[in-house]
Amino acid sequence: MKEKEIFDKLVNAEDDTMDILTDMCPEITDAELDRLLAVTERKYKMKKKDKDRAEKDNDITMSENEVSGVERVRRPAWLTPIATAASVVLVAGIVLGSVIMLNRQAKSGNGSGVDQPAVTATTADITEITTTGTGTSVTNTASTTQTTTETTAETTLYTTVPFVAPAAEDIYVDNELGDIALELFKEYDEIDLLRNAAGVEVDTQDGLRFAADPEVEIWSTCYDTHQGEKGIAYYIHVTDSRFSCLEDIRRYLRSVLSEGLYERLFGDSMASGFDELEQNEVLDKEHMKQWIEYRGKLYQYCPYGGWGKLPVVFSDSYPVIIADKTETSCTAYFPEWYIEVDNFENCVCMEVKLILDPEFNDWRIDNVQQFEGRHYGELYDMINS
Amino acid sequence: MNGSELKALYNASVSDCHRALMQEYGRYVYSIVFNKLRLCGTREDIEECFSDVFADIFIKLDDNELMEGDIKALIGTVAKRTAIDRFRSLTAAQKHIISTDDEDMERLASDISVEAHAEGSELRRLLLSKIRELGEPDATILIQKYYYNLKSEEIAGNVSMTASSVRSRCTRAMEKLRVKLAEIGITE
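Trainee: Help me out: how do you make sense of helix H1 (residues 3–12) of chain B in this one?
Mentor: Residue pairs three or four apart in sequence face the same way in an α-helix, which turns once every 3.6 residues. All names here are of chain B. Residues Gly3, Leu6 and Tyr10 constitute the buried set of H1. On an axial view of H1, the arc spanned by its buried residues comes to 65°, and they lie on one face. Away from its buried face by more than 90 degrees, H1 exposes Ser4, Asn11 and Ala12.

Trainee: I tried to follow the interface of chain B and chain A on my own but got confused; where do I start?
Mentor: Interface size is often expressed as the accessible area that is lost when the parts come together. Of the residues lining the interface, 64 residues belong to chain B; the matching set on chain A comes to 51 residues. Surface buried jointly by chain B and chain A totals about 5,600 Å² across both partners, of which 60% is contributed by carbon and sulfur atoms. By the criterion of area lost to chain A, the three top residues of chain B are B:Arg27, B:Arg124 and B:Tyr146, representing 13% of everything that side buries. Here A:Lys43 ties to B:Glu48 by a salt bridge, and the two come within 3.7 Å at their closest N and O atoms.

Trainee: Help me understand the pattern of salt bridges, please; the structure alone is not making it clear to me.
Mentor: When the charged atoms of two side chains with opposite charge come close together, those side chains can pair. Residue and element names in this part refer to chain A. With the rule as written, the count across this model stands at 38 salt bridges over all chains. Its salt-bridge partner being Lys289, residue Asp268 comes within 2.9 Å of it at the nearest N-O pair. Of the two residues, Asp268 sits in the loop between helix H6 (259–266) and strand S11 (270–271) while Lys289 sits in the loop between strand S12 (282–283) and strand S13 (291–294), which places them 21 residues apart along the sequence. On the basis of relative accessibility, which here comes to 26%, the residue Asp268 falls in the partly exposed class. Given a relative accessible area of 7%, Lys289 falls into the buried group. Through salt bridges that share partners, Glu247, Asp248, Arg250, Arg251, Arg254, Glu259, Asp357 and Glu359 make up one connected network.

Trainee: Looking at this structure, I do not really get the packing of helix H5 (residues 246–254) of chain A against H6(A). What am I missing?
Mentor: Between two packed helices, what matters for the description is the angle formed by their axes and the separation of those axes. Residue and element names in this part refer to chain A. Contact geometry of H5 with H6 gives a least axis separation of 10 Å together with a crossing angle of 130°. Considered as vectors, H5 and H6 are oriented oblique to each other. Crossing of H5 against H6: the hand is right-handed. Across the interface between the two elements, Arg250, Leu253 and Arg254 of H5 pack against Glu259, Tyr262 and Phe266 of H6. By residue class, the composition of the contact of H5 with H6 is 3 nonpolar, no polar and 3 charged.

Trainee: Would you mind showing me how to read the nonpolar core here?
Mentor: Proteins that are soluble and globular tend to have nonpolar side chains buried together. In terms of nonpolar packing, the biggest core is built from 68 residues, with A:Phe7, A:Leu21, B:Leu21, B:Leu142, B:Ile143 and B:Tyr148 touching the most fellow members. The contact partners of B:Ile143, leaving out residues within four places of it in the chain, are A:Phe7, A:Leu10, A:Leu21, A:Met24, B:Leu128, B:Ile131 and B:Tyr148.

Trainee: What exactly am I supposed to notice about the packing of aromatic side chains here?
Mentor: Between two aromatic rings, the relevant description is the distance of the centres plus the angle of the planes. In the structure shown here, the tally under the stated rule is 28 aromatic pairs over all chains. Seen in terms of ring centroids, B:Tyr30 and B:Phe34 are 5.8 Å apart; in terms of plane orientation they differ by 25°. Their pairing is stacked. Residue B:Tyr30 and its partner B:Phe34 are both found in helix H2 (residues 14–37); the two are separated by 4 residues, about one turn of the helix. The same class applies to B:Tyr30 and to B:Phe34, which are both buried. Each residue in the set A:Tyr44, B:Tyr30, B:Phe34, B:Phe50, B:Phe54, B:Phe58, B:Tyr147 and B:Tyr148 is aromatic and connected to the rest through ring pairs, giving one cluster. The positively charged end of B:Lys36 is found above the aromatic ring belonging to B:Phe87, 4.5 Å away from the centroid.

Trainee: Just checking my understanding: could you explain the side chain of A:Glu351 for this structure?
Mentor: Residue and element names in this part refer to chain A. You can see Glu351 is positioned in strand S18 (residues 348–357). Buried and unpaired, Glu351 has Lys353 as its nearest opposite-charge partner, separated by 4.1 Å. Here Tyr333 takes part through its side chain, which lies 2.9 Å from a polar atom of the side chain of Glu351. When near neighbours in sequence (up to four residues on either side) are disregarded, Glu351 contacts Phe163, Thr331, Ala332, Tyr333, Asn367, Val368, Gln369 and Phe371.

Trainee: Please clarify how the pairing of strand S14 (residues 297–301) of chain A should be interpreted in this entry.
Mentor: Along a regular strand, successive side chains alternate from one face of the sheet to the other. Residue and element names in this part refer to chain A. Within S14, 4 of the 5 residues are buried, leaving the element largely enclosed by the surrounding structure. Of the pairings in the sheet, the one linking strand S10 (residues 232–238) to S14 comprises 3 bridges and is antiparallel in character. Its bridge partner lying in S14, His237 is registered against Tyr299. One ladder, built from 4 bridges, connects S13 with S14; its direction is antiparallel.

Cut-offs used in this document
Residues numbered from 1 in each chain as written. Chains lettered and ligands numbered in written order. Predicted model: local features only at pLDDT ≥ 70, side-chain atom pairs only at ≥ 80, totals over all residues. Heavy atoms only, no water. Buried < 20%, exposed > 50% of the residue type's maximum accessible area, 1.4 Å probe, protein only. Helix = DSSP H or I, 4+ residues; strand = E, 2+ residues; numbered from the N terminus. Arc of directions from axis to C-beta. Contact = heavy atoms within 4.5 Å. Buried area = accessible area lost by both parts, 1.4 Å probe. Salt bridge = Lys/Arg side-chain N within 4 Å of Asp/Glu carboxyl O. Axes fitted to C-alpha atoms, helices over the stretch in contact; angles between N-to-C directions. Parallel < 35°, antiparallel > 145°, perpendicular 65-115°, else oblique. Left-handed = near helix turned anticlockwise from the far one by under 90°. Nonpolar A, V, L, I, M, F, W, Y, C, P; charged D, E, K, R; others polar. Core = buried A, V, L, I, M, F, W, Y, C linked by side-chain atoms within 4.5 Å. Phe/Tyr/Trp six-rings, centres within 6.5 Å; stacked < 30°, edge-to-face > 60°. Lys NZ or Arg CZ within 6 Å of the ring centre and 35° of its normal. Lys, Arg positive; Asp, Glu negative; His and termini not counted. Polar contact = N/O pair within 3.5 Å; in protein donor to acceptor, adjacent residues only side chain to side chain. Pairing = 2+ DSSP bridges.

Quick look at the structure:
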């Protein structure tokens, strides 16, 4: 309609023009107000919840020997396992030594260059592990003289895969999709705890002890002896209300991860079907997995050592940037800081690939890469140019 | 509503405060969001953006950011930024490309030529001034019909007329507007 095209010229109005257009704007009826207010209150509660959670993360305290509020930590910081409580959240994580049982590196979903620490260690009283940590740089020493630890992980924050910037015409800000990406990533961050045998409520008084398959060299934290022991596969009963069986864990993981990423990260992490095996007998490597079902109960492997994370924060000022959007996939970029929001030089640029999972007809994370923060800054400038 | 009134209402009841803010500034926010998104978004997109704006405003209210300073200016800023973000995402998703064979392209080519006239803001001011010269309720009828895309029945309730009266006034007002625009060089 020709008339409409005249009025189309009124878009992008200046303030004085906007005032006039506002005066002529139709009134919002009571029914419309109620409806809009209801939708707004829902969005407000969701945003407030995210904001409160982010603020709560920043309340994590880390002392020399322990970290409290373990679910919210991020970068490596050594912890002293709690050996006396009847029911605790297990915080132990990275296995020291040449552990191949759990195939973490081979299964890494992002091909990250984070290396396993190279360690020579002897049996040590786990309560004597000392921890020093400042910011994101952590050094760790054990109390025995024979222990040396080379923590190469801290020297490589980012993947070795080169950053490939999306085309300028393919990037934009989509608030709804961005919210989905960010929420999924926060869940992925929680899942990262599971990858490192942390963040799960367990009963330290209810453990299983098997002799490890001689072909696999492992160390376990053994809560019955309060020792780190070589050649023992020690498992602890999972009492977490979220998981009562292997299928519960799988379902939880698949609520965030695509089938492909789930297989890469956790595809070989579960075992069952050896109820006839008695404790202290040899558990073969095919069944020596991170989680096992044994005689009707769910158990989790207890690796030797400690692990922790610094709290991560995000900023509303730097939106999630969506790239390469199709009907069934997209890539999300956003900056992540440790502890507090800072400039781009001090953040990590997260690249999260999402796919529309056919099993759930919903978005799932298919891959996660980390890059230097400046790459997000470049995308941000492209969006705003 | 000033800062202290807002604070008093907030302390008395947060939900009442939210409602009062939306009642007072709803049209203002809606007109800003509509102005930015009317050509690229659906009514649902516009309403969703509207809700996003107020959700952010409610958060700022919790942080005491609205209690001081110019409330309307702050709300306006939030509205503009949110609308711009949504505009970018909508236009990128739609990848606005019009084929020269497109019907709309033909209509544009043959319609009123404004490219020869003053651009951008000057044009907008001029258009609005001519519309306002028509007086009320004709100016409001035209804006609500052709800018806000309301139906005659909806406009009728706003200007206290029947729908048929709105239609006939609309036709006459549009003719008058064309004459006025022609007088300043905007011709068909």
